[in-house]
Structures are given as C-alpha cells and as structure tokens.
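Report on the structure
This is what each chain is made of:
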Amino acid sequence: MASEAKQQQQQQSILVTGGAGFIGTHTVLQLLNEGFRVSIIDNLDNSVEEAVDRVRDLAGSNGSRNLQFHLGDLRNKDDLEKVFSQTRFDAVIHFAGLKAVGESVAKPWLYYSNNLIGTLNLLEFMGKYGCKKMVFSSSATVYGQPETIPCVENFQLKAMNPYGRTKLFLEEIARDVQKADPDWRIILLRYFNPVGAHPSGQIGEDPKGIPNNLMPYIQQVAVGRLPELNVFGHDYPTKDGSAIRDYIHVIDLADGHIAALRKIFATDDIGCTAYNLGTGHGTSVLEMVAAFEKASGKQIPIRLCPRRPGDATAVFASTEKAQKELGWKAKYGIEEMCRDQWNWASKNPWGYRPQP
Ligand code: NAD
Ligand code: UDP
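Residues numbered from 1 in each chain as written. Chains lettered and ligands numbered in written order. Predicted model: local features only at pLDDT ≥ 70, side-chain atom pairs only at ≥ 80, totals over all residues. Heavy atoms only, no water.

A look at the overall build of the protein chain
Helix and strand content of the protein chain: 13 helices and 13 strands. Its C-alpha radius of gyration of 19 Å places the protein chain within 12% of the 21 Å reference for a compact globule of 356 residues. A burial count over the protein chain gives 55% of its 356 residues as buried. For the protein chain, the proportion of contacts with a sequence separation of at least 24, taken over those separated by at least 6, is 81%. Put simply, the protein chain shows about 15,500 Å² of open surface, and 49% of that area lies on carbon and sulfur atoms. Each charge class in the protein chain was averaged separately, 39 positive and 40 negative side chains, and the resulting centres sit 1 Å apart. (Helix = DSSP H or I, 4+ residues; strand = E, 2+ residues; numbered from the N terminus. Rg over C-alpha atoms; globule rule 2.2 N^0.38 Å. Buried < 20%, exposed > 50% of the residue type's maximum accessible area, 1.4 Å probe, protein only. Contact = heavy atoms within 4.5 Å. Areas by Shrake-Rupley, 256 points an atom, 1.4 Å probe, with all protein chains shown as cover. Lys, Arg positive; Asp, Glu negative; His and termini not counted. Charge placed at Lys NZ, Arg CZ, Asp CG, Glu CD.)

This is how it looks when you write it as structure tokens:
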C-alpha cells in the first residue's frame, strides 16, 4: 500500500465491539497491521483478556501504540459513554453478541436482551457522537433453509431460531436506521462457517464448555479432550450422506472486514448493504474430518448420528457481489484451514486457559 494511504489510515480510529472473541481478535490484528488505531469493548463473557494481550504482542509496535482495551458491556450505557467520550471513532466494527443456537432456544430472553439491546445502545451512542459508519456481523443463518444454492444476498430472509432472529431483526433495524438518516453507512457481513486460526498458532477459537460447532469439536477430539465426533446426519442427499457447508478461513474473514471498512470510507452512497463472506465452495462433514485427519496426523473417531434438528442439507455462498463490489475473495482452502486450526490446537490444547 502507498505510504500516503497508510499514513492517512493511521489517523483512523476503529471501535471493535467483541474484539476479544474469535473473529474479533483476528480482525483487530489485521487492523493494527494495516495501521489503524483500535479500541476494543468486550465484557469477556465468551473470551479472555489474554487473547487481547496476544494480539498486542503479535502486532509488535503497532500493538503497543495503537490498541486499547475497555472491559465493558454494550447493555450498560455508562460503559459506552466512557468509551465514546474518550476517543473520536471513524467507524465501528460490531462483533459483540451471543451466538450459540441451542442456548438461544433455551434462553431466548437472554439473546434478545444481549444482542438487540446491546446493539440499540451502540447505535444510540454512535448517533450521539456522530460516528455513523458500521460494519455488522450478520450470518448465513439469515438464509434459513435455502431453497436453492448458492445463497445470493437478495434471497428472502428467514430465521430458524432465536439467535437467527436476532441477526434478522438487527439487519432490519440497521436498514431502518440508515433509511431514516442517510448519513449512516452500514455494511452487513453475512459470514458462512468461520474456522481456522492465525498461522502463528497464538490466537484461535476457544469456546467455553462443549463446543457446538464442528471444527472446535473435531479439534477437541484430536487433542484428547473429547472421545469422538458425533456426525449429525448421514442420510442427506449429498455425495457421502453428510451435510454441506461453506467453511471460510478466519484470516480471509478478517480481510473481508478490512475490505468492507475501506468500502464504507470510500462510498458515500453505500446505504445499508449486505455481503456474503464465504468461499463459494461446499464441503461435507466427512470431507472436513478427513482433511483434519490429514493435517493433524490424528485419527478422529466418529459416530454416525441422526440429523440435528433445524440443520440444512447444503449451504454455500454466492461470492460474486463481495468480489465485484468489495474487491475481496477468499484465498484459503480447507487444507490451510485445517493446518492452522491444528497448529493452534496443538500449541494450545486447552485454549487460552491452563490445563485444569
Ligand atoms: P465470540 O463469542 O468469540 O466473540 C463475541 C465477543 O463478544 C466475545 O468476546 C464476548 O465476550 C463479547 N460480547 C458478547 N456480548 C457482549 C456485550 N453485551 N457487551 C460486550 N461484549 C460482549 O464469537 P465470534 O465467533 O467471534 O463471533 C463474532 C460475531 O460474529 C457474533 O456476533 C456472531 O454472532 C457472528 N457470527 C459468528 C459466526 C461463527 O460461526 N463464529 C458465524 C456467523 C456470525
Ligand atoms: N456437525 C456435526 N457434529 C458436531 C457439530 C456439527 O456433525 O458436533 C455438523 C452440523 O450438523 C452441520 C455442520 O457440521 O452439518 C456444521 O455445523 P456447525 O454447527 O459448525 O455450523 P452451522 O452451519 O450449523 O452454523
């Protein structure tokens, strides 16, 4: 990048909500490497401050100079006031939210309260302090059970559970906010299945309790924390009977956020626009297991189980819009995803925590 452009970016400050989490840490690191100043607000509900310390170390002098961490909760307006009154932000990347589908079915109030009220408070403070540029973490979950694949951004949206409904409602809220005040510029990023870890093996996904998602589960089987993987569904109409998803390397995802941010700064009529972040390739559960076994040299014992209620047969992204309008395209395939996930797992079998 031209040094002038980099210089200009050095003046730009980005607030990253949920920046201590899985996708947040990887994105914060890329932002620092690109010369942005970053403030994180996170309540550490699903993360630890050690993750932020590792990001700071990985970013070297940019990390020690340009990264601030605020322990705070988006539901608490005093916490937001403290953060917004200290720094003038050029844009916000909003990751903070709860994301476990099963938990959202059991505790819908918690999900509506955390994800909706947290975001409404954030929008209120962004408006109050005149920072009207936001990149928001949405999800492929808003496509529900897609009738056709690949999923295209203009498909009709449908939620399958309270978590998905929070994403759907927040997309609608963002559209309304932008419509009411055209000064707002909002990009909704619909992630497909983020996996992998930073190639250093210093940061990665570290879920609390038994993982819900496929890759963290496989990882914990590989390091001996769990005995076997339950494969949910082996009678789908797919080549091997298991379900198909679009797995995307978290580094590609982080780059997608930088591309979205650049687009927001450069485009005054972006409005409120949604983009898929996926690779456009579908991989089955059994193919993913085989790729991880190859990358790790470990055998992953599996148990074939009934389908998980609410799961779609096959979901993958149309990548055209992001490629054309954001100039972004995923670079990594499942070999790199599994290699980097295993590197993180083997160096940190208990995540950021010491072995109990
Ligand atoms: P994560 O749980 O690792 O990170 C979320 C962070 O937000 C955590 O550090 C948590 O402590 C923080 N947080 C939650 N509620 C908060 C609140 N009220 N105030 C302050 N901080 C709060 O999750 P992730 O995988 O990094 O996901 C980031 C975002 O991307 C989420 O909004 C999630 O719904 C969305 N998303 C994730 C996936 C995925 O598979 N990982 C897929 C699609 C969308
Ligand atoms: N899956 C599985 N075993 C697990 C977790 C997930 O077989 O322990 C399957 C799941 O049924 C789906 C795919 O892996 O077909 C991806 O699931 P994940 O929960 O990671 O993401 P989703 O696409 O459901 O958001």
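Observations concerning the site of ligand 2
Near ligand 2 lie 15 residues; those nearest to it are Leu-214, Asn-230, Arg-245, Arg-308 and Asp-311. A distance of 2.8 Å separates an oxygen atom of ligand 2 from a polar side-chain atom of Arg-308. At a separation of 2.5 Å, an oxygen atom of ligand 2 approaches a polar side-chain atom of Asp-311. Expressed as a share of its isolated accessible area of 510 Å², the protein-covered part of ligand 2 is 86%. Secondary-structure elements contributing two or more residues to the shell around ligand 2 are α9 (214–222) and β8 (229–232). Of all the elements, β8 adds the most residues to the shell around ligand 2, at four residues. Among the residues forming the shell around ligand 2, the class breakdown is eight nonpolar, four polar and three charged. (Near = heavy atom within 4 Å. Polar contact = N/O pair within 3.5 Å; in protein donor to acceptor, adjacent residues only side chain to side chain. Nonpolar A, V, L, I, M, F, W, Y, C, P; charged D, E, K, R; others polar.)

A short note on the sheet that holds strand β2 (residues 37–42)
Spatially, β3-β2-β1-β4-β5-β6-β11 is the arrangement adopted by the seven strands of the open sheet, whose pairing is parallel. Sheet topology places β3 (67–71) and β11 (272–277) at the edges, where each strand pairs with a single neighbour. Within this sheet the neighbouring strands show an average axis-to-axis angle of 20 degrees, counted without direction. Where strand β1 (residues 13–17) and strand β4 (residues 91–94) come together, four bridges link them in parallel fashion. Each residue of the ladder has a partner; that of Thr-17, found in β4, is His-94. (Pairing = 2+ DSSP bridges. Axes fitted to C-alpha atoms, helices over the stretch in contact; angles between N-to-C directions.)

Concerning the UniProt feature "domain: NAD(P)-binding" (unreviewed entry) in the protein chain
The residues that UniProt annotates with the feature "domain: NAD(P)-binding" (unreviewed entry) are residues 15–340. End C-alpha to end C-alpha, residues 15–340 measures 27 Å, and it is 42% helix and 17% strand. (UniProt positions renumbered as here; feature names shortened; annotations may be inferred.)

What about the site of ligand 1?
In the vicinity of ligand 1, 27 residues are found, and the nearest of them are Asp-42, Asn-46, Ser-47, Lys-99 and Tyr-163. The backbone of Asn-43 places a nitrogen or oxygen atom 3.1 Å from a nitrogen atom of ligand 1. Coverage of ligand 1 by the protein amounts to 96% of the 820 Å² it exposes when considered alone. Those elements giving two or more residues to the shell around ligand 1 turn out to be α2 (22–33), β5 (133–139) and α8 (162–180). When residues of the shell around ligand 1 are assigned to their parent elements, the largest contribution, three residues, is made by β5. In the shell around ligand 1, the residues fall into 10 nonpolar, 11 polar and six charged.

Observations regarding the packing of aromatic side chains
Tallied over the entire structure, the rule returns eight aromatic pairs. Where Trp-344 meets Tyr-352, the ring centres are 5.1 Å apart and the plane angle is 55 degrees; that geometry is what we call tilted. Tyr-352 matches Trp-344 in its accessibility class, with the two residues each being buried. Through a chain of ring-to-ring contacts, the aromatic side chains of Phe-84, Phe-89, Phe-125 and Tyr-129 assemble into a single cluster. The cationic tip of Arg-307 hangs over the ring face of Tyr-236; the distance from NZ or CZ to the ring centre is 4.1 Å. Across the ring face of Tyr-275, the terminal group of Lys-321 is positioned such that the distance to the ring centre comes to 4.9 Å. (Phe/Tyr/Trp six-rings, centres within 6.5 Å; stacked < 30°, edge-to-face > 60°. Lys NZ or Arg CZ within 6 Å of the ring centre and 35° of its normal.)

Things to note about the pairing of β8
Because side chains alternate across β8, one face comprises the buried residues Leu-229 and Val-231, and the other comprises Asn-230 and Phe-232, none of which is buried. In the sheet, β8 pairs with strand β13 (residues 302–305) via four bridges, with the strands oriented parallel. Within β13, the residue paired with Asn-230 across the bridge is Arg-303.

Digging into the packing of helix α11 (residues 285–296) against helix α13 (residues 334–347)
One can describe the packing of α11 onto α13 by two numbers: an axis separation of 9 Å at closest approach and a directional angle of 55 degrees. On the basis of the axis angle, α11 is oblique to α13. Here α11 and α13 pass one another in a crossing that is right-handed. Two secondary-structure elements touch here, α11 through Met-288, Ala-291, Phe-292, Ala-295 and Ser-296 and α13 through Ile-334, Cys-338, Arg-339, Gln-341 and Trp-342. Looking at the contact of α11 with α13, its residues break down into seven nonpolar, two polar and one charged. (Parallel < 35°, antiparallel > 145°, perpendicular 65-115°, else oblique. Left-handed = near helix turned anticlockwise from the far one by under 90°.)

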